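# Coordinate inspection notes
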Amino acid sequence: MNQSTTILYRQLLKNIRSQFTKVNGNKAWENLLSSEFRAPSNASNLAKMNANLVLDFIINRSKHAQISKKYSNILSSEEQLKRTANLVGFQMPKTPAP
């Protein structure tokens, strides 16, 4: 592996370990990554070319989850239904108090 491939491999491995392996204890993605990068160069050339895209996806997926968690309002299902109805111009029916 040349230097840029090694750096890419290490970044991918770091992100996969932090987001997948530590979360569920499953090393399947880690093992797949290792086997793809250790395969003969002509057999896994396409996988190495797409590795940048995979790394970008993993990083952006993590950022999206953080932003969604930070800015989403935690609402009950009833309140969420009421807001959705208001969004499309409907009113929820009033339920009589018991």
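Just so you know, these numbers come straight off a predicted model, no measurement behind them.

## Here we look at the packing of aromatic side chains
Both the distance between ring centres and the angle between the ring planes are used here to describe each pair of aromatic rings. Overall, the coordinates contain 2 aromatic pairs when judged by the stated rule. With centroids separated by 6.3 Å and ring planes inclined at 40 degrees, the aromatic side chains of Phe-20 and Trp-29 adopt a geometry described as tilted. Of the residues examined, Trp-29 reaches a relative accessible area of 51% and is grouped as exposed.

## Topic: the environment of Phe-57
Topologically, Phe-57 is positioned in helix α4 (residues 51-71). In this structure, the C-alpha to C-alpha distance between Phe-57 and Leu-81, residues 24 residues apart in sequence, is 31 Å.

## A closer look at the nonpolar core
Counting 11 residues, the largest nonpolar core consists of Leu-8, Tyr-9, Leu-12, Leu-13, Ile-16, Phe-20, Leu-33, Phe-37, Ala-51, Leu-55 and Ile-58. Among the elements that take part in this core, helix α1 (residues 3-24) stands out by supplying 6 residues, more than any other. Apart from residues lying up to four places away in sequence, Phe-20 is in contact with Asn-15, Gly-25, Trp-29, Ile-58 and Arg-61.

## A closer look at the confidence of the model for the protein chain
Counting all residues, the mean pLDDT for the protein chain is 82, and 92% of those residues have values of 70 or more. Per-element mean pLDDT across the protein chain ranges from 68 in helix α3 (residues 45-49) up to 87 in α4.

## Points about the packing of α1 against α4
Put simply, α1 and α4 touch, their axes get as near as 10 Å, and they point 35 degrees apart. As for how α1 packs across α4, the hand of that crossing is left-handed. Every residue of α4 that contacts α1 at Leu-8, Gln-11, Leu-12, Asn-15, Ile-16, Gln-19 and Phe-20 is listed here: Ala-51, Asn-52, Val-54, Leu-55, Ile-58, Ile-59, Arg-61 and Ser-62. Grouping the constituent residues of the contact of α1 with α4 by class yields 9 nonpolar, 5 polar and 1 charged.

Basis of the calculations
Residues numbered from 1 in each chain as written. Predicted model: local features only at pLDDT ≥ 70, side-chain atom pairs only at ≥ 80, totals over all residues. Heavy atoms only, no water. Phe/Tyr/Trp six-rings, centres within 6.5 Å; stacked < 30°, edge-to-face > 60°. Buried < 20%, exposed > 50% of the residue type's maximum accessible area, 1.4 Å probe, protein only. Helix = DSSP H or I, 4+ residues; strand = E, 2+ residues; numbered from the N terminus. Core = buried A, V, L, I, M, F, W, Y, C linked by side-chain atoms within 4.5 Å. Contact = heavy atoms within 4.5 Å. pLDDT = per-residue confidence, 0-100. Axes fitted to C-alpha atoms, helices over the stretch in contact; angles between N-to-C directions. Left-handed = near helix turned anticlockwise from the far one by under 90°. Nonpolar A, V, L, I, M, F, W, Y, C, P; charged D, E, K, R; others polar.

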